[in-house]
Number of protein chains: 2
Amino acid sequence: MNKFIRVCMTTKQVKVEEAPQKYAGLGGRALTSTVVADEVKPTCHPLGKYNKLVFAPGLLSGTNAANSGRISVGAKSPLTGGIKESNSGGTFSQKMARMGYKGLIVEGLPAEDKFWVIKVNVDGVTIEDAPAEIIGKGNYEAIKILSEKYGNKAAIAIAGPAGEMKLAAANVSFKDPDGNIRSAGRGGLGAVMGSKKVKAVVLDDTGAPGVNIANSEAFKEAAKIFANGLRKHPVTGEGLARFGTNVLVNILNEAGGLPTENFRYGRNEWANNIGGETMTETMEARGGKPTHGCHPGCVIRCSQQYVDKSGQYITSGFEYETIWALGANGKINDLDALAYCDRAMDDVGVDSIETSVTIALAMDAGVIPWGDGKAALDLIGQIGKGTPLGRIIGSGAGITGKVFGMTRVPVVKNQAIPAYDPRSVKGVGLTYATTPMGADHTAGYAVATNIMKVGGFVEPLQKEGNVELSRNLQIATAAVDSTGMCLFIAFAILDIPEAFNALIDMINAMYGLSLTADDVNELGKTILKTERGFNAKAGFTNAHDRLPEFFEEECPPHNTTWDFTDEEIDEVFNF
Amino acid sequence: MNKFIRVCMTTKQVKVEEAPQKYAGLGGRALTSTVVADEVKPTCHPLGKYNKLVFAPGLLSGTNAANSGRISVGAKSPLTGGIKESNSGGTFSQKMARMGYKGLIVEGLPAEDKFWVIKVNVDGVTIEDAPAEIIGKGNYEAIKILSEKYGNKAAIAIAGPAGEMKLAAANVSFKDPDGNIRSAGRGGLGAVMGSKKVKAVVLDDTGAPGVNIANSEAFKEAAKIFANGLRKHPVTGEGLARFGTNVLVNILNEAGGLPTENFRYGRNEWANNIGGETMTETMEARGGKPTHGCHPGCVIRCSQQYVDKSGQYITSGFEYETIWALGANGKINDLDALAYCDRAMDDVGVDSIETSVTIALAMDAGVIPWGDGKAALDLIGQIGKGTPLGRIIGSGAGITGKVFGMTRVPVVKNQAIPAYDPRSVKGVGLTYATTPMGADHTAGYAVATNIMKVGGFVEPLQKEGNVELSRNLQIATAAVDSTGMCLFIAFAILDIPEAFNALIDMINAMYGLSLTADDVNELGKTILKTERGFNAKAGFTNAHDRLPEFFEEECPPHNTTWDFTDEEIDEVFNF
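So, how was this worked out
- Residues numbered from 1 in each chain as written.
- Chains lettered and ligands numbered in written order.
- Predicted model: local features only at pLDDT ≥ 70, side-chain atom pairs only at ≥ 80, totals over all residues.
- Heavy atoms only, no water.
- Least-squares fit on C-alpha atoms with pLDDT ≥ 70 in both.
- Contact = heavy atoms within 4.5 Å.
- Phe/Tyr/Trp six-rings, centres within 6.5 Å; stacked < 30°, edge-to-face > 60°.
- Helix = DSSP H or I, 4+ residues; strand = E, 2+ residues; numbered from the N terminus.
- Buried < 20%, exposed > 50% of the residue type's maximum accessible area, 1.4 Å probe, protein only.
- Lys NZ or Arg CZ within 6 Å of the ring centre and 35° of its normal.
- Pairing = 2+ DSSP bridges.
- Axes fitted to C-alpha atoms, helices over the stretch in contact; angles between N-to-C directions.
- Buried area = accessible area lost by both parts, 1.4 Å probe.
- Salt bridge = Lys/Arg side-chain N within 4 Å of Asp/Glu carboxyl O.

Focus: the relation of the copies chain B and chain A
In screw terms, the move from chain B to chain A is a rotation of 180 degrees and a rise of 0.0 Å along the axis, fitting with an RMSD of 0.0 Å. Those values place the two copies in the arrangement expected of a two-fold rotation axis. The C-alpha atom lying nearest the rotation axis in chain B is that of Pro388(B); the distance is 2.9 Å. Here 100% of the contact residues of chain B are again contact residues in chain A; the copies associate through an equivalent surface.

Section: the packing of aromatic side chains
This structure, assessed with the given rule, holds 32 aromatic pairs over all chains. Arranged with centres 6.5 Å apart and planes meeting at 65 degrees, the rings of Phe263(A) and Phe550(A) form a pair that is edge-to-face. Residue Phe263(A) is found in the loop between helix H8 (248–255) and helix H9 (271–274), and its partner Phe550(A) is found in the loop between helix H22 (517–538) and helix H23 (566–570); the two are separated by 287 residues along the sequence. As far as the burial class goes, Phe263(A) and Phe550(A) line up, both buried. One aromatic cluster is present, built from ring pairs that chain together Tyr320(A), Tyr420(A), Tyr445(A), Phe488(A) and Phe491(A). A cation sits over an aromatic face here: Lys41(B) above Tyr50(B), 5.9 Å from the ring centre. Directly above the aromatic system of Phe457(B) lies the positively charged group of Lys453(B), at a separation of 4.7 Å from the ring centroid.

A look at the sheet that holds strand S1 (residues 3–8) of chain B
Residues and elements named next belong to chain B. On the basis of which strands lie adjacent, the open sheet formed by six strands has the order S2-S1-S6-S3-S4-S5 and mixed pairing. At either end of the open sheet lies a strand with only one pairing partner, and these are strand S2 (13–18) and strand S5 (83–88). Shown here is a sheet whose adjacent strand axes are inclined to one another by a mean of 15 degrees, direction ignored. In this sheet, S2 lies alongside S1 in antiparallel orientation, the contact comprising six bridges. Looking at the pairing, Lys3 lines up with Glu18 of S2. The strands touched by helix H1 (residues 28–39) within the sheet are S1, strand S3 (53–57), strand S4 (71–76), S5 and strand S6 (101–107), with S4 carrying the most contacts at an inclination of about 20 degrees.

A word on the interface of chain B and chain A
Contact with chain B, which involves 30 residues of that partner, is made by 30 residues of chain A. When the two sides are added together, the surface that chain B and chain A hide from each other amounts to roughly 2500 Å², 59% of it contributed by carbon and sulfur. Broken down residue by residue, the surface that chain B buries against chain A is led by Val403(B), Thr407(B) and Glu549(B), which jointly contribute 21%. Where chain B packs against chain A, one counts two salt bridges.

Below, the structure is given as structure tokens:
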């Protein structure tokens, strides 16, 4: 796995080359962020010819290591204006790795007003006209057509209608093992793909050599210990499997950190109606699949297939974040309504966090009534149609807030704040404020330690200890995001030392290295410094590491405020 | 003239106080920028309670010095996110100065969802309910109603429908001597006024003491020399008077610097149809007023009253910038259509530069056809109605560009680039890039020296000499903007040394000072450093001092590009 594919959309030239030596030992986020920092002009227009879109499997992708199938996508973000890495499940990462490709770098902009498909198979890489019938089509239909054309086993990355329109909430969607949809959601990477007129990347690994493992015995042994760790931990082995990520609704509501009515309250009375327990019960009663892996090799299986009353598939990857943002923050007290919205966002190809937070904001602005699931679904439909209102919503919360003259706009670096109130879960508030990604819980998921007491316990309502917590988790996460591992493995490796060691052992066995835990920590720091360095050149300063001013209001039920000083916040990146 | 009015819209309390000693010698932009830098948190939300809206007459306002009636308005800008000063004609500045008020500072935000009028007269300052019938009404009608209620001689500052909606292109409009409209246009200050729920400030100076002049003989003498200088200079004494600012259409077209079709070309074939010569001819034939002062005491009289075929008033303050942006950049080859758009923008209360550039951008995005005056007028009407599309346009060029996924978006610091192509008029390009105000020709009008050979000559198509030119003009302008003087006096004082000296002599005579030219220069530098310091704390870096990347394309007819290096650009503020 040591080749780069470079596709220039200006000239339509393809180059397959050995990856430069400096990128040895980098995969996933480490690779996308380093390539973007090395090759993209930080002040460039994100939709212009100087931006590059980079796909990279993780270091362990392509192996049979549990949960190693995440694909990283990176670029300068049209949403934040800073560097962006977003990763996703699906089948792309493992197939790409097995074909020996370490990175796919899409450059330039075509002069022609038409869309292309980049096709990768063992015969090479070609650029073909995109089938006319998928342009403007929803992702479900488009993936079906592409699967018919390129074979059902082909992995697919696709920009939906929102990406074609270059809207800042557009995601890059990936076909999952069942032909459904997973997404590299955050930061508008689908708009970068759309700007380059790449409708899809299709990757068929038939006949590929597979990845090379330097010491396969040691690898096998470590992989076993690692998978056992995942199965043993109560969060990855039980909670996530049984109730999905949506198990968090009741947990956060109980903790008083479930943002409700555009971040006015941290608790509400209808949470259980939309929580994971109710959702699993519903799926079980209707014949849905309460548990499902988003990529082959997943042992956590937090995904699901949610079905309607007649047992008909509605959506999968129906996550806590989306259910929170529309269900609690937007007060849509109805799982079925939420499921149709989730499906519609996947189909249009927008980040369901950004879009759902934006819809709750639109409710707050009086554009549609609070809690109106039909009106929310209509707004998502308008994104796909490209109406003025649809384009506003599809541009994300920051722009929607400006267009409607609002001050209560939950964004950091113009990216929507996720599902944990920073006043009640202070560690994750520091992550929102400081990560180079813009508000992103996954960049340093302090909720684990603040609320679930994984990796120890730091009081969520007090400041003490949270700066260190956010810092350490951001460093660790940057490293984990480079392995191709699902972030949820962090629950296990934070609590189970042998699982953590097994992760490092797998990397060492695969690449013939002898990395230590310190090396992994250093890798994490290097990635963060690279990303922050890019952002500094793009015009970001500490002034951008701040939460919106409305968080100085007290948040019921704990009536805590966001009370970190600027100096305290700036300590997070003091390493 | 040494009192501050502080109006707190949270508590509805009014305080009239002696201005602190540190503000002695500061007026206009010097005062608004210093107060904003001293009192406004740089990272605050521009529409939130921590922003303040500051009105300040210039140092010479209230006297009979020619052209001394400009009112400065300052705040943190909702458009740029940085500090903003925008100034305007009208009757406000002189009346405010004659009442002894050096500054009006509007603070806080009301909890109530209603609008107020701040009334200032010799009995004091009160906050009254705004008349219900002016809410949502166009500015022409609202000013008429307010004039009936508060007396025809009252000065009025007003936020139009766009300001009520807190749109980032909203301006603060001022009643002119004939009851028509002048505007502090740039940077969305009307949105700040709207956020504070101040519909209007009404100021009646009946019975006011007038300004105190320390040495009235010396003042009278200097004022005479100064006015003669203005009358003597060919630009201020002739060109502007006869043809208005719109004299520039043919001049810039000839120079190849008249941006056409969203900055694709620097020259077009229909310029003369919309130029000042044609416009004056038209007004003369129809019985309009080709020459008119925007404030009492103006001897340049570049304004006009443009009328329709039947001699009916359409608009005044019908400027080159607007005519360029819609007529050349948006290809609306029809002065009458442009006049109706200009009136509509004044009526809705939006910056006609920002909005007209945005409309041309919307044409480029395919929202309306190129050159369609009726469609443009409809878009402006939609701003007033607050439709989704209207709100997009009313949010300015930066947001419109994002919502429509465009890369050809002429903004710096999110403010629309004015009427001189930076590739053909390089000095003003450096001003666009570096002024703390966001793209603004008035901040350092290098066009004077590049094109009109005022104050010497620096080649517009070459880099040499333009860094110094922009720097020196920005420093001088910051000082001039503090005097209450119309910027156009710069043409005269750059070329006529005795006019320049007379300006300083007037300030010295009025305040009993003995400032030198060096002191004035230092004042200019201090203002710029204060403004840039605020912006740095708000999160601006040198990376924001850049023109959009599309200016690397060649601009016909000279086929020059924007070729300054980052290091060269950064030299402008090296003082």
